[in-house]
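Breakdown of the fold
If you want the building blocks of each chain, they are given just below.
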Amino acid sequence: MNVLAPWLHEPLQRALDALASERLAHALLVCGPAHIGKRAFADALTQALLCRERVDGAACRHCRDCVLYTAGSHPDWKYLSFEENEKTKVLRKEIVVDQIRDLGGWFALTPQRGGAQVALIEPAAAMNQNASNALLKTLEEPMRDRYLLLLCESPMQLSATIRSRCQRIELQPPAMQVGLDWLRVRGHDDAVAQSALDAARGHPGLAAHWIEEGLLALRASVRSDLAAIATGRAQPLAVAAAWLADDQAEQRLAFAADLAVDLHAEALAARDVAAVAGSNRQAMRLTAAPDFPKLSAWFDAANRTRALLRTPIRSDLALAGLLRDWRIAMSARSA
Ligand SMILES: [Zn+2]
């Protein structure tokens, strides 16, 4: 098993302490942003739940249960995620009610190895309405030694009734220095690590993802394209075509939405940020102060357009329209 990221140690220890003192709930909602380590956390906790020779409350890593779990073949562990539609052979985009009913049936069985039974639903937000309703039944009848782990980015993605029946575990980015040290141990150069960590607002897992997938250059190019549109040096239609030319359009829109958040935050922090050294506006040479209501509306529109990219709609037109609105939002008021 991989070494657990340092910011996961404390939440894991709290969960193990709760397990040791029989305060751990049967249903756990593990939430946190993408790349924070939800699955790694769930793996470590699951192994501890299945292990019957725990050392200091954590999995021993050597017993038969630990070996089976690490090999992915523990019979009392169940993983629920997207499944193939039996008729069309296409991977479904949601978790459906039959999967949750199967889970209820599975929990009713006697554990094959006589210990705990653990199920993981990932991503829990993918459960459709019927699946969520069916899950409530399972949550309402907790059974001894049965544990359910739900992974999601935000608890708000789940219904209030599901949330209220789960113990919540929030995974959060650590202090800046902890993230920097962790990136260094992964072999990343100090300057790259620092700028990626700043860009990722202190989230080391996300910074590592961006560095390791070469996405920092993409982020910079999105920002320079948006600066060029705002100042009239580039045309929305041409930029939209370029953004759709490969399979990175969704990531570009995520970076674009992120920039809107940064500009908004800067504006709230300082009334006139045009002259603030290192500000996004200065870096992008934007002279006009953005129109803030339009900027927040644009953030929502960028996220909606991102979702549209997954549908058969004419995404070039939708994207060009979004980029035209960007120019309007960025030039509505002069500095
Ligand atoms: Zn063990």
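Residues numbered from 1 in each chain as written. Predicted model: local features only at pLDDT ≥ 70, side-chain atom pairs only at ≥ 80, totals over all residues. Heavy atoms only, no water.

Distances from the zinc ion to its protein donors, Cys51 (SG), Cys60 (SG), Cys63 (SG) and Cys66 (SG), fall at 2.3 to 2.4 Å. The coordination sphere of the zinc ion comprises four donor atoms, whose angles at the metal cover 103 to 115°; the geometry is tetrahedral. Site description for the zinc ion: donor spacing in sequence, C-x8-C-x2-C-x2-C. This pair shows no difference in class: Cys60 is buried, exactly as Cys63 is. (Donors = N, O, S within 2.8 Å, 3.2 Å for Na, K, Ca; no water. Tetrahedral: all angles 85-135°; square planar, octahedral: opposite > 155°, others 65-115°. Buried < 20%, exposed > 50% of the residue type's maximum accessible area, 1.4 Å probe, protein only.)

Within the structure shown, the criterion is met by six aromatic pairs. When the ring of Trp7 is compared with that of Trp182, the centres are 4.8 Å apart and the planes differ by 80°; the resulting orientation is edge-to-face. Remark: Trp182 occurs in helix α7 (residues 176–185) and Trp7 occurs in the segment before α1 (9–20); sequence separation between them is 175 residues. With a centroid separation of 6.0 Å and 25° between ring planes, the pair formed by Trp77 and Tyr79 is classed as stacked. You can call Tyr79 partly exposed: its relative accessible area is 34%. (Phe/Tyr/Trp six-rings, centres within 6.5 Å; stacked < 30°, edge-to-face > 60°. Helix = DSSP H or I, 4+ residues; strand = E, 2+ residues; numbered from the N terminus.)

Another aspect to go through is helix α2 (residues 38–50). A rise of 1.5 Å per residue sets the reference length of α2, with its 13 residues, at 18 Å; its end C-alpha atoms lie 18 Å apart and thus fit the reference within 8%. When you tally the buried positions in α2, you get eleven out of 13 residues, the bulk of the element. (Expected span 1.5 Å × (residues − 1).)

Another point: the sheet that holds strand β1 (residues 27–31). With parallel pairing, the five strands of this open sheet are ordered in space as β2-β3-β4-β1-β5. Looking at strand neighbours, the two that pair on one side only are β2 (77–80) and β5 (167–170), the edges of this open sheet. When strand polarity is set aside, the average angle formed by the axes of neighbouring strands in this sheet is 20°. The pairing of β2 with strand β3 (residues 117–121) spans four bridges and is classified as parallel. When the sheet's bridge partners are listed, Leu80 is paired in β3 with Ile121. (Pairing = 2+ DSSP bridges. Axes fitted to C-alpha atoms, helices over the stretch in contact; angles between N-to-C directions.)

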